[in-house]
Amino acid sequence: MKKIYWLICFINFSCFASVIPDEPHIYVEGFAEFGIYPDQIKITVLIEEINLNAEVAKAEVDKKSLILFNTLKLIGIKSDNITATPIKIVPAIKYNNGERTNIGTEISRSIDITLKNLKNYSQLNDAIINAGISEKVSSSVEVTNERELKKKALMLALKDAKTKAEDIAKLQNKKIKDIHSISEFKTRQEDFYSLQP
């Protein structure tokens, strides 16, 4: 659910002289919200392996990646909806009672998958499990037309603020000339939702 606030603000302080009018003014807040349904899910998968032999760890990461890529292709996820990072190689260190032990080499790769057809969500989960990936998976729901939806909410909030200003002015037998200043509040959205394959 998107919540967008528009603030039409006029506060008479000298430090804001460039944005505050000298003539009589009022301050109102506009609000608009409407429900939206996500039309895609972005899933980030981290494939990692630790082994004393770096080549063995890399081969396992490559194997899991290939299984996942092939399965994604089978369920109809296009290659331009899949992004894989280069392989990352770091020493694998384990700490026990403050003592540092080298346990081999950690090889990892992150893969971002954008699922456009939400009906394939369970198939995608199966693909991840079949590739031997059972942890380090995160998901977030998204909309493809986010910019248009935000614009719609902002326009509705602006209309709400203008109506409030006109109603207040009418009580004093006055008319609103124009909007002098607009500020936006509470427009950030949560980055992730708790969807875990």
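Here is a short report on the structure shown in this document. Source: prediction; values computed, not measured. Every chain begins its residue count from 1, and numbering advances along the sequence as written. Since the coordinates come from a predicted model, pLDDT governs what is reported: local features require at least 70, and pairs of side-chain atoms require 80 or more to be given and counted, while whole-chain, interface and lining totals use all residues. In computing side-chain properties, one takes all heavy atoms of the structure into account and sets aside hydrogens as well as water.

1. Some points on the pattern of salt bridges
The rule for a salt bridge is simple: a side-chain nitrogen of Lys or Arg has to be within 4 Å of a carboxyl oxygen of Asp or Glu. According to the stated counting rule, one finds 5 salt bridges in the structure shown. For the salt bridge of K64 with E49, the shortest nitrogen-to-oxygen distance reads 2.6 Å. Taken together, the residues span a long stretch of sequence, with K64 in helix α1 (residues 54-74) and E49 in strand β3 (residues 40-51) at a distance of 15 residues. With a relative accessible area of 13%, K64 lands in the buried category. Between D62 and K58 there is a salt bridge whose closest N-O contact spans 2.6 Å. Runs of E in the DSSP output that reach at least two residues are strands. Runs of H or I that reach at least four are helices, and both are numbered from the N terminus. With a 1.4 Å probe rolled over the protein chains alone, any residue whose accessible area is under 20% of its type maximum counts as buried; one over 50% counts as exposed, and the rest are partly exposed.

2. Comments concerning the packing of α1 against helix α2 (residues 121-130)
Contact pair α1 / α2: the axes reach a minimum separation of 8 Å and the direction vectors enclose 160 degrees. Looking at the two axes, α1 sits roughly antiparallel to α2. Considering the relative orientation of α1 and α2, their crossing is right-handed. In contact with I67, L68, T71 and L72 of α1, α2 contributes L124, A127, I128 and N130. Its residues assigned to classes, the contact of α1 with α2 shows 6 nonpolar, 2 polar and no charged. Lines fitted to the C-alpha atoms define the axes, with helices restricted to the stretch that makes contact. Angles between their N-to-C directions range from 0 to 180 degrees. If an angle is under 35 degrees, it is roughly parallel; if it is over 145, roughly antiparallel; if it lies from 65 to 115, roughly perpendicular; otherwise it is oblique. Two helices that cross are described as forming a left-handed crossing if the nearer one is turned anticlockwise from the farther one by less than a right angle, and a right-handed crossing if clockwise. Whether two residues are in contact is decided by their heavy atoms, any of which lying within 4.5 Å being enough. Residue polarity follows a fixed list, in which Ala, Val, Leu, Ile, Met, Phe, Trp, Tyr, Cys and Pro are nonpolar, Asp, Glu, Lys and Arg are charged, and the others, Gly among them, are polar.

3. A word on the environment of S183
Take S183: it is sitting in strand β8 (residues 183-185). Using a relative accessible area of 23% as the deciding quantity, one classes S183 as partly exposed.

4. Things to note about α1
Residues separated by three or four positions in an α-helix point in the same direction, a consequence of the helix having 3.6 residues per turn. Given a helix with a known number of residues, its expected span is that number minus one, times 1.5 Å. In this model α1 runs 30 Å from its N-terminal to its C-terminal C-alpha over 21 residues, within 8% of the 30 Å that 1.5 Å per residue would give. Every buried residue belonging to α1 is among A57, V61, K64, S65, L68, T71 and L72, and all of these are buried. The arc that holds every buried residue of α1, seen down its axis, measures 135 degrees, which confines them to one face. Relative to its buried face, α1 has exposed residues pointing more than 90 degrees away, namely E55, L66, K73 and L74. Along its buried surface, α1 packs onto β3, β4 (82-84), β6 (99-115) and α2. Pairs of N or O atoms are called polar contacts if they sit within 3.5 Å, as long as, within protein, a hydrogen donor faces a hydrogen acceptor (for residues adjacent in sequence, only side-chain-to-side-chain pairs). For α1, the side-chain oxygen to backbone nitrogen distance between the N-cap and E55 is 2.9 Å, and the N-cap itself is N53. Of the residues flanking the end of α1, it is G76, one or two places downstream, whose phi is positive at about 90 degrees. Think of the arc as the fan of directions from the helix axis to the C-beta atoms.

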